[in-house]
Amino acid sequence: MAQIYLAFVDTPGIFAALIRSFQKRKYVHVVLSLDADLEEAYSFGRRNPFIPVIAGFEREKKEQIVCAFPMAEYKICRMECSEEQKNRIREELHRDYRRRFRLHYAVAGLPFLVLGRKFYIKNQYTCSSYVAKILGKNGIVISQKHFSLVTPGDVQEYADRNLQVIFEGRLSELTGGETSNKRTKGIAVYE
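Residues numbered from 1 in each chain as written. Predicted model: local features only at pLDDT ≥ 70, side-chain atom pairs only at ≥ 80, totals over all residues. Heavy atoms only, no water.

### Brief notes about the overall build of the protein chain
What counts, and what does not: Numbering of helices and strands runs from the N terminus; a helix is a DSSP stretch of H or I covering at least four residues, while a strand is a stretch of E covering at least two. Residue burial is assigned from relative accessible area. The probe radius is 1.4 Å, only protein chains are included, and a residue is buried under 20% of its type maximum, exposed over 50%, and partly exposed in between. Here a residue-residue contact requires only that any non-hydrogen atoms of the pair lie within 4.5 Å. A 1.4 Å probe and the Shrake-Rupley method give the accessible areas. Residues count as covered only by the protein chains that appear here.
When you go through the protein chain residue by residue, the secondary structure sums to seven helices and ten strands. Scored against the burial criterion, the 191 residues of the protein chain give a buried share of 51%. Across the protein chain, contacts joining residues at least 24 apart in sequence account for 63% of those joining residues at least 6 apart. Here the protein chain has roughly 9,700 Å² of accessible surface; of this, 54% comes from carbon and sulfur atoms.

Right, here's the structure in full:
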């Protein structure tokens, strides 16, 4: 068996606050990672953590995020998958990263999401719709909803029922800051 990781993120900001008030959840952003330390992690979100209005598909840069949001909270969950599934997911992430400037955050789709009406705008996704689509395409169904309607809350509900939490705390703890949890291979682990 292989593993991939879902990270749930709570960062400050107006857009995050709006999503938080709609979702009624702490974590409002979802990241898909190929490793537990989030060294190779991808999401639909800010292209630069310091600039909130420009968003699309990006590889997460932990050190930049810690600089912009030193109090950012993360919850990382481990997901079992086959080696073949992980390789296909890796290939898709790498392909999409190469064409990342053609992939955008689906701001125009947000009203449809709020109204519960499925939508598809070519090359546009929310963080959670992208995770649902790429995982579903590779045999990991996290929601019965159309991928465009999957919210960070839906992904977190799936994780809460099916996945093991391996870290919960400030991102700065993963990048060398202090931690009160036991550390194993660079990650704070719950036992």
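Once the structure has been displayed, the description carries forward.
### Let's talk about empty space enclosed by the protein
Note the threshold: Here a cavity is any set of points on a 1 Å grid over the protein atoms alone where a 1.4 Å probe fits but cannot get out, and a pocket is any open set with protein on both sides within 12 Å along at least 5 of 7 lines; a residue lines the site when it has an atom within 4 Å of a point. Grid points are joined across faces, edges and corners, and a volume is the space filled by probe spheres set on the points.
Here the structure, examined in full by the defined rule, presents one cavity of 30 Å³ or more. Reported here for the largest cavity is a volume of approximately 30 Å³. The wall of the largest cavity is formed by Val 31, Leu 38, Ala 41, Glu 60, Lys 62, Ile 65, Tyr 74 and Leu 171.

### Things to note about the pattern of salt bridges
Two side chains bearing opposite charge may form a pair once their charged atoms approach each other closely. Heads up, the rule is: Basic side-chain nitrogens of Lys or Arg form a salt bridge, by our definition, when they fall within 4 Å of a carboxyl oxygen of Asp or Glu.
Under the counting rule described, the total for this entry stands at nine salt bridges. For the salt bridge of Asp 160 with Lys 75, the shortest nitrogen-to-oxygen distance reads 3.0 Å. Of the two residues, Asp 160 sits in helix H6 (residues 152-162) while Lys 75 sits in strand S5 (residues 73-81), which places them 85 residues apart along the sequence. For Lys 75, a relative accessible area of 8% translates into the label buried. Between Lys 145 and Asp 154 there is a salt bridge whose closest N-O contact spans 2.7 Å. A single salt-bridge network, built from bridges that share partners, covers Glu 58, Lys 61 and Arg 100.

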